[in-house]
Amino acid sequence: MPHDHPGVQLLLLSGLAIYWLIPLSSWWMLRGDGNRNARLWFLGTGLYSLVATMFVFGKWLPPLMAAPLMASLGLLSVFMMLASLQREVPRVKAIPYRGYWAGAVLEYVLMSALYVGQVALPHMYALHLGLISLAEIALIVQANRVRQQHQSQAMWILIATFMAFALTNLVRVMELLLTGHFSSLLDFTVTSNASLIVNYLSVIFYCYGYWGFVVEKSRRQLVLATKETVQAQANERLALHREELSQDLLRERMKWMEQLTAIGKLAQSGALSATIAHEVNQPLAAIQLNIEESQRMAQDSQAPAPMQQLLKRIEHDNQRVAQIVQRVRWMFSGQPSPMQSQILDDLVQVVLQLHAQRLSREQVQLHLDLQAKRPFQFAPGEIEHVLMNLLDNALDALQSVPSQARHITLHTWCETNTLCLSVADNGPGIPEALRDSIFELLGTSKTTGMGVGLWLARYIAERHGGTLTLDEHNTTGARFVLRIPQRPLTDAPILRTKD
Ligand code: ADP
């Protein structure tokens, strides 16, 4: 078939279109992907398309542009693919780009010189084919390294394609050197259509092979990234777990320290109170003796009645102080207390009488619901002290409420073997910051407060084998609930001698 036959022309042109389309569309698809090596590869293959185009239209090109330029551009395109593969294997030092440029320019100069001088043209072609075969062999070696490095199966396609190229070219060099001419099948002229078609097909292989490599590589990266993410998540979970453990340990330690501090405070304050009570006891006894002596003298000298009354009152007050001191000694000395029995509601009435003045002065409305008509056993003065403290706190809390709206509700009731009492007010409630520590020693929100009252009240309740709690479900103001067994159990601290 003559080479200018329209069928041949159509075949050449459509082949050329494929030659351009595959590398350039690949190059275009990879834009913005950050994969510089892949773009370099497809740029190199695109350059090869240019060489193929020049080959087809070679007869219209000026001679110097045709052979030497085509040869050096062909070499440069293989160099670009080689450079791209070299950069896929970090352990191999890549040849700098300018080395490749220099090689291509050198070939152009050499080929042009030979061409211009018309010296040994077949040898000029043999030289070019030899050079390009060497570049292709280097590319095969490099493709094999990439295959190993990235465990890429697709690289086999590139290796096979370039082996075919290198073999063809080497065979042609040998043939030329031996016979002085190319055989028509292997001759790259427009008429050797078969070799041209093979050449056209090769673009499909080396672009297809390279795409396979791109897919394999990104799949591996994805797998690696997923593994890393999973590992990172596992590490994060481990770190969180460790953090939680150390937080737990820290909390546990804080709790222990708080408990130790509380125990320390309790021991100190108990010991202090017992010591003071012990020390004060003797002067109090002396004062009592002096009062009695003064009373006797006042009677003997018939002192005026007001003075005698005054002495009586002093004696009365002194006896009260002595009783308080005695109670403190019982409370903290570790000795069992004497017990007394009284109906709870009666005891409430006694305490209310002591508070009657303050209640009316501060215009507090008292709501009584007394339903504990049973007697119970307690250390003298101690339960009264608890109730007085609860009432005092409620009255203090009501200071911030308008006087016409102040309410205190006192409720007593019986449960099996237990007597219960609650004191509720409609004040501002327990300050949030104190909620967890109001029963602790020295926990106070008052400028003049000491933070001893509730601690002591709970201490007394527990001494009797009972409880004193804050009602957590109460929504307005504060409500405290005291529960005391009707008769303290034998192991209640109040009945035990401390070691
Ligand atoms: P003090 O009265 O000396 O401060 P307490 O142990 O009796 O010591 O009370 C501790 C703290 O508990 C008080 O400072 C107060 O903040 C809070 N509190 C006790 N009772 C009430 C109440 N009824 N309403 C509001 N806060 C209260």
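Residues numbered from 1 in each chain as written. Predicted model: local features only at pLDDT ≥ 70, side-chain atom pairs only at ≥ 80, totals over all residues. Heavy atoms only, no water.

Peer 1: Quick question: what am I supposed to make of helix 10 (residues 382-397) here?
Peer 2: Between the first and last C-alpha of helix 10 there are 23 Å, a value that for 16 residues agrees with the 22 Å anticipated at 1.5 Å per step. Glu382, Ile383, Glu384, Val386, Leu387, Asn389, Leu390, Leu391, Ala394 and Leu395 are the residues of helix 10 that are buried. (Helix = DSSP H or I, 4+ residues; strand = E, 2+ residues; numbered from the N terminus. Expected span 1.5 Å × (residues − 1). Buried < 20%, exposed > 50% of the residue type's maximum accessible area, 1.4 Å probe, protein only.)

Peer 1: What exactly am I supposed to notice about the environment of Thr53 here?
Peer 2: Along the chain, Thr53 falls in helix 2 (residues 36-56). With 38 residues separating them along the chain, Thr53 and Gly15 place their C-alpha atoms 9.9 Å apart. Residues contacting Thr53, with those up to four places away along its chain left out, are Leu16 and Trp20. (Contact = heavy atoms within 4.5 Å.)

Peer 1: Just checking my understanding: could you explain the sheet that holds strand 7 (residues 478-485) for this structure?
Peer 2: Backbone hydrogen bonds hold the strands of a sheet together, and the pairing may be parallel or antiparallel. With mixed pairing, five strands are arranged side by side in an open sheet as 2-4-5-7-6. The two strands at the open ends of the sheet, each matched to only one other strand, are strand 2 (365-370) and strand 6 (467-470). In this sheet, adjacent strand axes meet at a mean angle of 15° when their direction is disregarded. On the sheet, helix 10 packs against strand 4 (407-415), strand 5 (418-425), strand 6 and strand 7 and is oriented at approximately 20° with respect to strand 5. Sheet strands touched by helix 11 (residues 453-463): strand 6 and strand 7. Its angle to strand 6, the strand with the most contacts, is close to 140°. (Pairing = 2+ DSSP bridges. Axes fitted to C-alpha atoms, helices over the stretch in contact; angles between N-to-C directions.)

Peer 1: Would you mind showing me how to read helix 9 (residues 344-361) here?
Peer 2: The α-helix advances 3.6 residues per turn, and as a result positions three or four apart in sequence lie on the same side. For helix 9, with 18 residues, the first-to-last C-alpha span of 26 Å sits near the 26 Å given by 1.5 Å per residue. At His355, helix 9 shows its maximal kink, close to 55°. Listed in full, the buried residues belonging to helix 9 are Leu344, Asp345, Leu347, Val348, Val351, Leu352, His355, Arg358 and Leu359. Turning to helix 9, the residues buried within the fold contact strand 1 (340-343), strand 2, strand 3 (375-378), helix 10, strand 4 and strand 5. The first or second residue beyond helix 9 is Gln363, which carries a positive phi of 50°. (Bend = angle between axes of the 7 residues up to and from the residue.)

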